[in-house]
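# Tertiary structure, described
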Amino acid sequence: MKTGTERVKRGMAEMQKGGVIMDVVNAEQAKIAEEAGAVAVMALERVPSDIRAAGGVARMADPRIVEEVMNAVTIPVMAKARIGHIVEARVLEAMGVDYIDESEVLTPADEEYHLNKRDYTVPFVCGCRDLGEAARRIGEGASMLRTKGEPGTGNIVEAVRHMRKVNAQVRKLVNMNADEVMTEAKLLGAPYELLLEIKELGRLPVVNFAAGGVATPADAALMMELGADGVFVGSGIFKSDNPAKFARAIVEATTHYQDYKLIAELSKELGTPMKGIEISTLAPEARMQERGW
Amino acid sequence: MIKVGVLALQGAVREHVQAIEACGAEAVVIKKKEQLANVEGLVMPGGESTAIRRLIDKYDFMDELKKFAQAGKPMFGTCAGLILLARNVVGHDEPHIGVMDVTVERNSFGRQRESFEANLTISGIAENYNAVFIRAPHIVNAGENVEILAKHHERIVMARDGNLLGCSFHPELTDDYRITAYFIEMIKETIV
């Protein structure tokens, strides 16, 4: 009997496919999310848009909040650790969190190295903007990926860019001759063996969710249309006027992402979604997607 | 060709489709209840049972799924799918579909860090079967007509109740297709 195997860690993410993972900051929100049909919750001290507004250094959530959320729901609970912060990750693992997000939403602890995620029993999800970044994270042991998008903006444009980029690069790789792969590995900064595996499979070897800017049911459906395996919704739900209704609508739009009449129905009278930020107005240092290497 | 549906509201749908096709049957991805009329057996995949249940209710699947089982058409639940089939779920007043005569307990091996792979002997199906358990349930009690097919550390992890087959683990996560092949044989027996 073996725990923490690659199959067990990647398999956990496979079970989340077609679902919505919601950011929550307390037990009450976690219950609303579970009730709405979320496949997991991300326990946080503040949602990304509040982290953005607060400024300063953003760290792992208070373990008491994570614990409270774990006690409130039976679905899996995820939590964020800073990039490269070995101890935050170990603390979350020791608490029994089901998945750790090594996340650019928090202020990085290491500007050179990500965590060696193979060392842990708990699985990790990491953000990516292109195939090189995706492959480096998988190489380090990430069991699940997500687009970085631009968190806390309510603007889907960056998540769309990242999802399209990764999928276009996978398609290009699949159509390459074998003798072109090494140079592609060099150009992407990606492990060669992993690119060969992706070429063989015709897809990434782990699940890839959309994240960073999903604000409406139509946004969630758009990301599924573009090939996402599922959706993370951060600030969108609990920054809207009617979180329970909003959460249900996002779940349904993700399941039936090509049923446009249904999406029209469930988008009616949802109230005001989160305000949203135009990306070009963000100062370069305020762009979370640039964090990670 | 035998048509096997995979309930595709949420979860590991693609893997089951691959397993079914590898066994020489046709897989049908079921998103609407009307599609159930076109298949001879149904796989309920792993995923999050609470999320799948909500979507079952939302899209009025429940009666159709019960009728499917009552008509004697084979159903196979893996992990969350087993929870949906079970007659009793520990800690819940009401079952989900509630057609298989077993009591299951959710997340009974612990949280994700306790998830594991183990070697099983599955009665009449496979020796040396590598089973992947992810936040898995187990069968606490089985009715007298239920055939117990596999145990892990004295816990029942796979059983058959007539035309209903359920397991705690995820056969779809490996490329060992013996269990899917067994399920397809179950379907063939109902057609002859």
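Calculation rules
Residue positions are counted from 1 within each chain, in the order its sequence is given. For this description, chains carry letters from A and ligands carry numbers from 1, given in the order in which they are written. Two thresholds apply to this predicted model, a pLDDT of at least 70 for residue-level local features and 80 or more for giving and counting side-chain atom pairs, whereas whole-chain, interface and lining totals are computed over all residues. Hydrogen atoms and water are omitted, and side-chain values are computed over all heavy atoms in the structure. UniProt positions are given in the numbering used here, feature names are shortened, and annotations may be inferred rather than shown by experiment. Angles run from 0 to 180 degrees between N-to-C directions of axes, and those axes are lines fitted to C-alpha atoms, restricted for helices to the stretch in contact. To qualify as a helix, a DSSP run of H or I must reach at least 4 residues; to qualify as a strand, a run of E must reach at least 2; elements of each kind are numbered from the N terminus. Each crossing is labelled by how the near helix is turned from the far one, with a counterclockwise turn of less than a right angle marking it left-handed and a clockwise turn marking it right-handed. Only heavy atoms matter for contacts: two residues are in contact if any of them lie within 4.5 Å across the pair. Three residue categories are used. Nonpolar comprises Ala, Val, Leu, Ile, Met, Phe, Trp, Tyr, Cys and Pro, charged comprises Asp, Glu, Lys and Arg, and polar comprises the others, including Gly. For salt bridges, the criterion is a side-chain nitrogen of Lys or Arg within 4 Å of an Asp or Glu carboxyl oxygen. Note on exposure labels: buried denotes an accessible area under 20% of the residue type's maximum, exposed denotes more than 50%, and partly exposed covers the range between, all computed with a 1.4 Å probe on protein chains only. In the cavity and pocket records, a cavity denotes points on a 1 Å grid over the protein atoms alone where a 1.4 Å probe fits but cannot get out, a pocket denotes an open set with protein on both sides within 12 Å along at least 5 of 7 lines, and lining residues are residues with an atom within 4 Å of a point. Grid points are joined across faces, edges and corners, and a volume is the space filled by probe spheres set on the points. Ring pairs are drawn from Phe, Tyr and Trp, using the six-membered ring of Trp, whenever the two centres fall within 6.5 Å, and their geometry is named by plane angle: stacked under 30 degrees, edge-to-face over 60, tilted for the rest. Note on criteria: charge over ring means Lys NZ or Arg CZ within 6 Å of the ring centre, with the direction from the centre no more than 35 degrees off the ring normal.

Per an unreviewed UniProt entry, chain A goes by Pyridoxal 5'-phosphate synthase subunit PdxS and derives from Robertmurraya siralis. The Sequence similarities (unreviewed entry) comment attached to chain A in UniProt states, word for word, "Belongs to the PdxS/SNZ family."

Residue and element names in this part refer to chain A. Following both chains from N to C, one finds helix α8 (residues 181-188) and helix α9 (residues 192-201) inclined at 115°, their axes separated by 9 Å at the closest point. In this structure, the crossing between α8 and α9 has a hand that is right-handed. For the pair α8 and α9, the contacting residues are Val 181, Met 182, Glu 184, Ala 185 and Leu 188 in the first and Tyr 192, Leu 195, Leu 196 and Lys 199 in the second. Its residues placed into classes, the contact of α8 with α9 shows seven nonpolar, no polar and two charged.

Glancing now at the pattern of salt bridges. Summed over all chains, the structure comprises 35 salt bridges over all chains. Residues Lys33(B) and Asp60(B) are paired through a salt bridge, measuring 3.8 Å at the closest nitrogen-oxygen approach. Taken together, the positions of Lys33(B) in the loop between β2 (26-30) and β3 (41-44) and Asp60(B) in the loop between α2 (49-58) and α3 (62-70) put the pair 27 residues apart, joining distant regions of the chain. Residue class for Lys33(B) comes out partly exposed when judged on its relative accessible area of 26%. In the salt-bridge network here, residues are joined through shared partners; they are Arg129(A), Glu133(A), Lys148(A), Arg287(A) and Glu290(A).

Below, the discussion takes up empty space enclosed by the protein. In this structure the tally under the stated criterion is three cavities of 30 Å³ or more. Of the volumes computed, that of the largest cavity is approximately 190 Å³. Forming the walls of the largest cavity are 23 residues, and the residues nearest its centre are Asp23(A), Pro48(A), Pro151(A), Gly212(A) and Gly234(A). Among the elements of the structure, β5 (99-103), β9 (231-233) and α11 (235-238) of chain A are those that each provide at least two residues to the lining of the largest cavity. The residue makeup of the lining of the largest cavity, split by class, is eight nonpolar, nine polar and six charged. Put simply, the second largest cavity is a space of about 130 Å³. Lining of the second largest cavity is provided by 15 residues; of these, Gly47(B), Glu48(B), Cys79(B), Asn107(B) and Arg135(B) occupy positions nearest its centre. Counted by class, the lining of the second largest cavity contains eight nonpolar, four polar and three charged residues.

Inspection of the entire model under this criterion finds eight aromatic pairs over all chains. Geometrically, the ring pair formed by Phe109(B) and Phe116(B) is edge-to-face, given 5.3 Å between the ring centres and 65° between the ring planes. We classify Phe109(B) as buried; its relative accessible area is 18%. By the ring-pair criterion, three or more aromatic residues cluster together here, those being Phe109(B), Phe116(B), Tyr129(B), Phe133(B) and Phe169(B). The residue whose ring lies beneath Arg90(A) is Tyr120(A), and the NZ or CZ to ring-centre distance is 3.8 Å.

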